[in-house]
Structures are given as C-alpha cells and as structure tokens.
Amino acid sequence: MNSSLAQIIEKDPANWRGKDMMNRTNWRASLTETHKYELKEAVEKAQSSKAALLSLEKCDFALPTLGPFLADLNTQLEGGPGFVVIEGLPALDYDENAGKTALWGVGLHMGEPAKQDGDGNLLHSVRDTGQKVDGSDNIRSYQTNDQLSFHNDGADVFLLFCLRDGKSGGMSRLVSSVAVFDELLKRRPDLAETLLQDYWFDTRGQRTDGARVEVMPVYHHHHGLLTANMKYRYIHTAQRFADVPRLTQNQRDALEMVQDIANEPDMVMEFTLNPGDILVANNYVTLHGRSAFEDWDEPDKRRHMLRLWLTIPNGRPLPQAFKGSRIYAEAYERRMER
Ligand SMILES: [Fe+2]
C-alpha cells in the first residue's frame, strides 16, 4: 500500500508546504474593477427581486467576465493546490443581506450549494454565539470563538467570506492534508496506516435519521487520490457515547501527530482574512483551523464570516464510505448522477 500511495502523494499538486506557499502569490485572486462593477450590478438586481435569495439561480446573477473568472478557479481547487483567496469584494459597504447575496452569486458561478446542517440550511453565519461545543450535543465549532484545531468542512469546497473581522485573533490557518500525510508516512508509517482505518465521528445531532455517530477512516486512498476527512474535535466528542469503542493509543497518537505536523511552521500557512476576502478551499486536500479571537462590544463591528459549501463540477471521485454521510452525502450523490 505505502509505496504506491507514496508515489501518488509525491506527484500530487496539493502536496505543498506552507513556507513555500507563503512566498507565492498565485493563490490570491484579486477582482478587477470590471468584476467589482458586475458584482455590484448583480447584487443590486438580486436584492430588488421579489424572489427569496436562496431560490435565485446562476442565471439570475449576470457576471459576464467575473463568472468565467470564478469558474476557472475550480482548476486550482481540484487538480491544483486546493485553495484560493478571492480578494476585493466591497464587504464594508455590505450589510448582512448584501453580503449573503454577493456570496450566493459568487458561489453559483463556481458550483452547486450543499446543505450544511440537518435542517438543510445552505448559508451559515460563522460568528460567536456565546455557546460552547463541550457540554452540548449539537453546538458546532463555527458557532463559538474557540481556537479551532485542524479539520475540514463538508461538501467539496467551502467558501468563507469575511464581512467583518474581530477585535483581535482569529487568524486563518491552512495546511495541505496531503503534505501532512506525506510527512507522517515518512516519519511514522504505522500511524499513517492507522488513519486509513475506521474512526468514529460525532455527527453533532445533524443527521436527519438521528444517528449520533458515523464510522469511516480519516484518510482514504481512492481512485488514485488521497482524500481526507479530519474532524479531530468530533472524533474526541464521540467518546462521550458509551457504545462507541474507546480510541486506541495508536489512534490517539495518529490524531495528535496530524495536529502536530500541521502546526509546524514549515507546514502551515497563517494569514488574516480581511473584510472582502473569500477563502475557498477543497476539503479533501486541505485542513483549516483558526486561532481564538476576541470580539468588539458593538454588535455591528463583531467578527462575522459567511459560509457556503459547494460541490464543484470537476470534483474528484469519492470513496464509498462517504455515501450517506452527514456532510458528504450530497457530493457523493451528485457524482453518481454525472
Ligand atoms: Fe471549518
């Protein structure tokens, strides 16, 4: 297994180190004045429409040059480094509704929105609600101001649009999950092997069938690709259920080592998302995290990100284990329909 997987990883364009990537600028995609004008017109038209925002389709957002520019970014998300930061949206001019409208329009030109929770919501606000994951069954990390360990989201890609940044902290952290596995394979091949086997994941009460846990590996070697599903925190919170098998020492060590490698200065990228930036990243080849943040007292200045999950037209084949899963089922089904 390991020799063929090592060859795949070596050639994977998503196998990058943070220290190299921080010296490059090709992951920044800045909007031109023409793009900004097109978006402004499209947002105003959508807002003046009587239709509900989430019923609007791609054809309702006419973006003659911005649309193809956004669609082209998918080649960086799949088959490239796996992420991009779109810069230059006029976020400080936007209220929440305008921000949602802009993100929805941008997203429709890149892919198809996917559900982010058991209620089927397609747009989430990422902000501190004052609630905590620990001691609850359904609060999720994006609703807190906690430091977030390295993890991935659902669907193929996530878009995180910064409307307002907080008072301090909240740095975005991004690492290649392929590079992390590459290092693990070289340093501790036994732990790399462990991550290719089943773990139990807390579903945070978001499955419509009520299942509290899902079982699947953290890393999947499928169709000549390495595909990650890392939920460090939710693997640990699943341990509160008596009927979930206790994590073995090997399983714990493997999870810790992923976090440790991901945190190494050579591996990780750390940057601030400013108002007007959208971080877009492929969940299968990148892990993201965030430092804890402190917020302003004034409600309208508080840190506020908008999040969209998409399946993209050039998305990779997905492992069978993703079928019916809480956050990948839609991506899996849409792949089957092609
Ligand atoms: Fe996340």
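Residues numbered from 1 in each chain as written. Predicted model: local features only at pLDDT ≥ 70, side-chain atom pairs only at ≥ 80, totals over all residues. Heavy atoms only, no water.

Next up on the list: helix H11 (residues 329–336). Counting buried positions along H11 gives six out of eight residues, so the element sits mostly inside the fold. Along H11, the residues that are buried comprise Ala329, Glu330, Ala331, Tyr332, Arg334 and Arg335. Residues of H11 that are buried in the fold lie against strand E3 (112–113) and strand E17 (304–311). (Buried < 20%, exposed > 50% of the residue type's maximum accessible area, 1.4 Å probe, protein only. Helix = DSSP H or I, 4+ residues; strand = E, 2+ residues; numbered from the N terminus. Contact = heavy atoms within 4.5 Å.)

Only His151 (NE2), Asp153 (OD) and His288 (NE2) from the protein coordinate the iron ion, and they sit 2.2 Å from it. Ordering the donors of the iron ion by residue number gives the pattern H-x1-D-x134-H. Of this pair, His151 sits in strand E5 (residues 148–151) while His288 sits in strand E15 (residues 286–290), placing them 137 residues apart in sequence. Comparing His151 with His288, the two get one shared label, buried. (Donors = N, O, S within 2.8 Å, 3.2 Å for Na, K, Ca; no water.)

Once that is clear, we can look at the side chain of Arg290. As for its placement among the helices and strands, Arg290 is situated in strand E15. Assessed through its relative accessible area of 6%, Arg290 is described here as buried. A polar contact of 3.1 Å, which involves the side chain of Arg290, links it to the backbone oxygen of Thr144. (Polar contact = N/O pair within 3.5 Å; in protein donor to acceptor, adjacent residues only side chain to side chain.)

We now examine the layout of surface pockets. What the largest pocket holds in volume is close to 300 Å³. Lining the largest pocket we find 20 residues, and of these Lys115, Thr208, Ser325, Arg326 and Ala329 sit closest to its centre. With four residues, the single largest contributor to the lining of the largest pocket is H11. Looking at side-chain class alone, the lining of the largest pocket contains seven nonpolar, six polar and seven charged residues. In this structure, the second largest pocket occupies an estimated 210 Å³ of space. (1 Å grid on protein atoms, 1.4 Å probe; cavity = no way out; pocket = protein on both sides within 12 Å on 5 of 7 lines; lining within 4 Å. Points joined across faces, edges and corners; volume = space filled by probe spheres on them. Nonpolar A, V, L, I, M, F, W, Y, C, P; charged D, E, K, R; others polar.)

For the rest of this paragraph, the subject is the nonpolar core. Counting residues in hydrophobic clusters, the biggest one holds 63 residues, and the most contacted among them are Phe181, Leu195, Tyr199, Val218 and Tyr219. Residues within four places of Phe181 in sequence aside, it is in contact with Leu5, Ile9, Ala192, Leu196, Tyr219 and Leu226. Grouped together as the second largest cluster of nonpolar side chains are 37 residues, Leu39, Ala46, Leu63 and Leu310 included. (Core = buried A, V, L, I, M, F, W, Y, C linked by side-chain atoms within 4.5 Å.)

Ordered by their spatial adjacency, four strands build an open sheet running E5-E15-E8-E13, and the pairing between neighbours is antiparallel. Single-partner strands in this sheet number two, and they are E5 and strand E13 (269–271). For this sheet the average axis-to-axis angle between neighbouring strands, irrespective of direction, equals 15°. As defined by bridge partners, E5 adjoins E15 across two bridges and the pair is classed as antiparallel. By the bridge assignment, His151 is partnered in E15 with His288. The strands touched by helix H10 (residues 249–263) are E5, strand E8 (172–176) and E15; relative to E5, the strand with the most contacts, the crossing angle is about 100°. (Pairing = 2+ DSSP bridges. Axes fitted to C-alpha atoms, helices over the stretch in contact; angles between N-to-C directions.)

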